Every structure is written in C-alpha cells, then in structure tokens.
Amino acid sequence: MIKEHELDKLIICKKCHTLHEKVLIAENEKAFCSECNVLLYHNDSDMLDKMLALVITASISLFVAFQFTVVSINIQGMEKSLTLTSLFMVLAEHKQYIVGIMFLFLIVIFPIVIIFATFLLLFFMKIEKAGYLTKRLLILLAHLKPWSMIDIFFISLLVAMVKLFDIANIELGVAFLAFVLTLMLDILITKSLSFHQLWEIHHQIYGSIDEE
Amino acid sequence: MKNEHYIRCHICETVNYDNSLTSECRRCHSKISSSLHDSYTKTLALLITAIILYIPANLYPILTTKQFGVNSESTIIEGIIHLWELGSYPIAIIILIASVVVPILKFLLIIYLLVAAKYKTRSTLLDKHKIFYITESIGPWSMVDVFVVIILSVLINFTGVRIYPGIGATAFALMVFFTMLSALSFDTRLIINHEKGKNFHASK
Ligand SMILES: [Zn+2]
Ligand SMILES: [Zn+2]
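Residues numbered from 1 in each chain as written. Chains lettered and ligands numbered in written order. Predicted model: local features only at pLDDT ≥ 70, side-chain atom pairs only at ≥ 80, totals over all residues. Heavy atoms only, no water.

Per an unreviewed UniProt entry, the recorded name for chain A is Paraquat-inducible protein A, and the organism is uncultured Sulfurovum sp.

Okay, structure coming up:
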C-alpha cells in the first residue's frame, strides 16, 4: 500500500473538489482555493482558547434566548408574548405535531447539542484528555451541522414582526437580544472554527485512535 | 492537480484514495464506498418524495385566520399575492424566494446533477461540484414561511382573532426535510467526467 501520511499533505476543496497540495503557512495566515477562493485552512495557534471563550458565551446567550420572552405584541390593550413554551403550547393546541417535532429538533435540540458538543470537544482537547470521545464529537458535529436552523428562525422572526408592524405595538424582549448575540457568536464560531485544524490538532495530541 | 484517484471524506474532510480497497475513511471510519448506484437511487427516491409533497404544500392552506367565527384560509401563493397587494414588497419577495424559488431551484439542481451523473452535459466537473455545493447550502432557507406561520400563531392567539398553521405547513416542512435528505444522500463521486469514459455503472 502507498504510504498514508502522504495523503495528509493533500486537501480537497469543499466547494469545487479541486485537489491541492498543502503548503506551510505562517501564524494567522489563511490558505484559499485557487479555483473558487473558498477558505481551505488557516494557522491559528490559539484557536482552542478563542473558540472556548466564544462557545461558553454562546451557550449562555442561547439559554437566555430560550428561557425568556422574545417579543411581545400589544393590539388594542390585548397582550401576547412569544416564548419557547408558549410556542410549543400553541402547536400542541392546534395538533401540529409533525411541525412541532421538526421545530423542536431544528430550533431547540440540534442547536443545544451542537453548542454543548463543541464545548466538550474544545474542553477535552484543551486538557488533552478523552481522545476517543473527542473523535466521536468531531464526527457528531459534522453530521449535525446542516440541521440547525436557528439563523433561519431569526430571519422568520423579523419577517413576522414586519408583518405585525402595522396592526400591533411590538416590544422586544431580553431573549430577542440574546438571539442576536447568539447568531453573531455563531457566525464568528463557524467562520473561525476550522474542523480541518481540529482534526489535525486531534491527531497531534492523541495520535490515531481506532474504533473500540 | 488532477483529482481522479482521491476522495474527500464528507465527515472529517480528510483525503482518501478512491479505489475498490477503500471502504471507509482512514481517519474517522465513516463509510465512503457505499455503492454509487444506491446513492443514485436513494437521492432520486427522496427527491421524488419531496416533489410530491410540494404539491399539497401549495394546494393546502399554510395558515388559517379565524376572525370572529369566520375562517379564511390562504395558501403560500395566496399569501404572497396578498402581501404584494398590501404593498409589503420586501416581505412578499422574501417569502417568494424562500418558498417558491429556493425549493424549485433545488429540485432542478438535483435533477440536473442526477442527469449529469448518467449522461454527458456541457458543464465542467468544477461547475457540477459548485452546483452541488450551492444545492446543499440553500436548503434550509425554504423553512422561513413555516416558521413565520408558527410565530404568528403564537402572537395572534386571541379569543376574537387567531391564526393557526394549516396542513400546507406540515407538507411544506416535510418537503424541506426530504429535499435536504435527498441532497445529503448524493455521493459527490457521482460527479464524474464523462469524457474519460468513466461511468458509474462500471464501478460497483
Ligand atoms: Zn475550490
Ligand atoms: Zn473521514
């Protein structure tokens, strides 16, 4: 068989699938695909610390976003507010079970699991323990990535608010600001959390860990 | 560099040899050599399910407004037309893109990729990979209208007036789910260069 570590010198672009040979880059430099300009990898030695700080903040703001009132409206003295609990109660009341379950997973469970798994992953990689668990977490995160729709929920929230603008007084709740913060952190995390680099660090710390 | 004998693991991004000996990724052990024929059939079956669901999603009301005992229902298209008539152009356009343009575009792109896996097309390998990348990334945006309806049904829930999701919302949410599954089942090795005479029927 051909030597496997030769393969580690190669990288395939996620967008256009062009094969590239990796070049050494200096600290804080980034390597982009020559065909489509997508970021291939970057060299950021304190990525773990930075990401850990961001993920902890994001988990607090996600908790606040789920716990408190997102928006309240007032139509001629009648008030209604949007919280996570009121949302599921209304869906159950109208027997919207399929939509309710999808909402529960796409907006609540997957985002929470993603943020918690990312935290555990970074934490254990930081203290260089639990090699097998961290590997499973890296795989889990790759599977879950397409299934978190919290950003789309926020856009939908804005659309709903614009629709209600003419007929109601809208008041933003604490959770609304928490949503904004969570999304900003999420963008920062997805932009700078490189799974390519995480796998490389994983290999450096734990070597190759096999199943079982 | 030519990328003919290598394959990118879609889970851990590592580069593997693409040959009959490789059955799983060398780093994360995810399955990578599932049969291309299975991937093709699965993608097609899920896509057909999604397209079928798109019909009730448009024919049945996505939301019902009950105002002092009188029910009025509206489908996605009716909702968009209504918003346009009210002059809420930006919202009408957002809903139109999310609920009509994105799903149909995604159907067409997957169909195109499936056709291109079997027959020669004019686009290059690079284009096809980019098309697949776009297909994967636009998927979730179709959920906007369903989420808007859910949010409205929480906020407009008074004794006199209430809004609630209709059957169309369920059909629509399932349609998005199946379209995403369809794109995820598509094996990027189905994107091949026909000039080289490499056809997926040959490899098993
Ligand atoms: Zn590229
Ligand atoms: Zn892998």
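From this point, the narrative continues.
**What to know about the overall build of chain B**
What chain B contains, in helices and strands, is six helices and five strands. For chain B, the succession of helices and strands along the chain, N to C, is β-β-α-β-β-α-α-α-α-β-α. The proportion of buried residues among the 204 residues of chain B is 53%. Within the structure as shown, chain B displays about 9,800 Å² of accessible surface, and the carbon and sulfur contribution to it stands at 63%. (Helix = DSSP H or I, 4+ residues; strand = E, 2+ residues; numbered from the N terminus. Buried < 20%, exposed > 50% of the residue type's maximum accessible area, 1.4 Å probe, protein only. Areas by Shrake-Rupley, 256 points an atom, 1.4 Å probe, with all protein chains shown as cover.)

**Comments concerning the packing of aromatic side chains**
Per the stated rule, a full pass over the model turns up 17 aromatic pairs over all chains. An angle of 75 degrees between the planes, with centres 6.3 Å apart, marks the rings of Phe66 of chain A and Phe179 of chain A as edge-to-face. Placement of the pair is Phe66 of chain A in helix 1 (residues 47–67) and Phe179 of chain A in helix 6 (residues 174–192), with a sequence separation of 113 residues. Comparing Phe66 of chain A with Phe179 of chain A shows no difference in burial state: the two are buried. Ring pairing ties together the aromatic residues Phe66, Phe88, Phe103, Phe153 and Phe179 of chain A together with Phe147 of chain B, which thus form one cluster. (Phe/Tyr/Trp six-rings, centres within 6.5 Å; stacked < 30°, edge-to-face > 60°.)

**Thoughts on the coordination of the zinc ion (ligand 2)**
Residue and element names in this part refer to chain B. The protein atoms that coordinate the zinc ion (ligand 2) are Cys9 (SG), Cys12 (SG), Cys25 (SG) and Cys28 (SG), at distances spanning 2.2 to 2.4 Å. Here the zinc ion (ligand 2) binds four donor atoms, and the angle range of 105 to 114 degrees at the metal identifies the geometry as tetrahedral. The sequence motif formed by the donor residues of the zinc ion (ligand 2) is C-x2-C-x12-C-x2-C. Of this pair, Cys12 sits in the loop between strand 1 (6–8) and strand 2 (15–17) while Cys25 sits in the loop between strand 2 and helix 1 (36–59), placing them 13 residues apart in sequence. Given a relative accessible area of 0%, Cys25 falls into the buried group. (Donors = N, O, S within 2.8 Å, 3.2 Å for Na, K, Ca; no water. Tetrahedral: all angles 85-135°; square planar, octahedral: opposite > 155°, others 65-115°.)

**Points about the coordination of the zinc ion (ligand 1)**
All names here are of chain A. Every protein donor of the zinc ion (ligand 1) is listed here as Cys13 (SG), Cys16 (SG), Cys33 (SG) and Cys36 (SG), and their distances to the metal cover 2.2 to 2.3 Å. Between the four donor atoms coordinating the zinc ion (ligand 1), the angles at the centre fall across 101 to 115 degrees, so the site counts as tetrahedral. We note that the donor set of the zinc ion (ligand 1) lies within a single chain, spaced as C-x2-C-x16-C-x2-C.

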